[in-house]
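Chains, contacts and geometry: an overview
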Amino acid sequence: MSSDQQPTPRPVVLVDGLTREQLLAIVGDARMATDAPLDLEGHGSSGVAVLSLALHQRRLGLELAHVACIDARGEEDPVSGRPLVVPTPPRAPTAITFVAGRDDASVAWTTETAAAFRSAGWAVTSLG
């Protein structure tokens, strides 16, 4: 790889229902395994967690190229144990993809949350 090329982000899939300790261990292990920024895909409650990690990545020593929030419904952030905070402008160039589940609660939460991140200046893509 030439010195002007960036390493390819390493995808990490986080399933629904992981504990705070499990989430942080998986993300920490992935971070240690590569010099590339991470690409996190979170399902359900882990979708909320990846959004929180994107918001706090600098403080946590992470570099996230992309996060995908899939089929979330506004559960508490499993990392902090609190509801997801209102997004602030991005401090790092992290793209976010939102994919709603098939139920009304997921669609409503995903639409509202994607709009809030977009309004704060994040690069947001909504699918489905």
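Source: prediction; values computed, not measured.

Topic: helix α4 (residues 104–119)
For α4, with 16 residues, the first-to-last C-alpha span of 22 Å sits near the 22 Å given by 1.5 Å per residue. Among the residues of α4, Ser106, Trp109, Thr110, Thr113, Ala114 and Phe117 are the ones counted as buried. Angularly, the buried residues of α4 cover 125° about the axis, an arc narrow enough to put them on a single face. Within α4, the exposed residues directed more than 90 degrees away from the buried face are Asp104, Thr111, Glu112 and Ser119. Where α4 is buried, its residues contact α2 (45–55), β3 (64–70), β4 (95–99) and β5 (123–127). Capping the start of α4 is the job of one residue whose side-chain oxygen sits 3.2 Å from the backbone nitrogen of Ala105: Asp103.

Details of the pairing of β3
Within β3, 5 of the 7 residues are buried, which leaves it mostly tucked inside the rest of the structure. In the sheet, strand β2 (residues 38–43) pairs with β3 via 6 bridges, with the strands oriented parallel. Residue pairing in the sheet places Glu41 in a bridge with Ala68 of β3. As paired strands, β3 and β4 are joined by 5 bridges and run parallel to one another. Paired with Ala68 across the bridge in β4 is Thr97.

Thoughts on the confidence of the model for the protein
When pLDDT is averaged along the protein, the result is 90, and 92% of the positions lie at 70 or above. Taking the mean pLDDT of every element in the protein, the minimum, 86, falls on strand β1 (residues 10–14) and the maximum, 98, on β4.

What about the side chain of Gln57?
As for its placement among the helices and strands, Gln57 is situated in helix α3 (residues 57–60). Given the relative accessible area of 3%, Gln57 is considered buried. Apart from the residues within four sequence positions on either side, Gln57 is in contact with Leu62, Glu63, Leu64, Ala92 and Thr94.

Details of the environment of Pro83
Relative to the assigned elements, Pro83 resides in the loop between β3 and β4. Separated by 39 residues in the primary sequence, Pro83 and Gly44 place their C-alpha atoms 14 Å from one another.

Section: the pattern of salt bridges
As enumerated under the stated definition, the model contains 2 salt bridges in all. In this structure, Arg73 engages Asp71 in a salt bridge whose closest nitrogen and oxygen atoms are separated by 2.8 Å. Its relative accessible area of 34% is what places Arg73 among the partly exposed residues. With its nearest N and O atoms 2.4 Å apart, the salt bridge here joins Asp103 to Arg73.

Rules used in this analysis
Counting restarts for each chain: residues are numbered from 1 in the order of the written sequence. Note on the predicted model: pLDDT of at least 70 is required for a residue's local features to be given, and 80 or more for side-chain atom pairs to be given and counted; whole-chain, interface and lining totals, by contrast, use all residues. To get the side-chain values, take all heavy atoms of the structure and skip hydrogens and water. Secondary structure elements follow DSSP: runs of H or I of four or more residues count as helices, runs of E of two or more count as strands, with numbering from the N terminus. Multiplying one less than the number of residues by 1.5 Å gives the expected span of a helix. Any residue under 20% of the maximum accessible area for its type is buried, any over 50% is exposed, and the rest in between are partly exposed; the area is computed with a 1.4 Å probe on protein chains only. Note that the arc is defined by the directions from the helix axis to the C-beta atoms. Residues count as neighbours in contact if any of their non-hydrogen atoms are within 4.5 Å of one another. Distance and chemistry together define a polar contact, namely a pair of N or O atoms within 3.5 Å, with one atom able to donate a hydrogen and the other to accept it when in protein, and with adjacent residues in sequence counting only for side-chain atoms on both sides. A pair of strands is labelled paired if DSSP reports no fewer than 2 bridges between them. On a scale of 0 to 100, pLDDT captures the predictor's confidence in every residue. Salt bridges are defined by distance alone: a side-chain nitrogen of Lys or Arg within 4 Å of a carboxyl oxygen of Asp or Glu.

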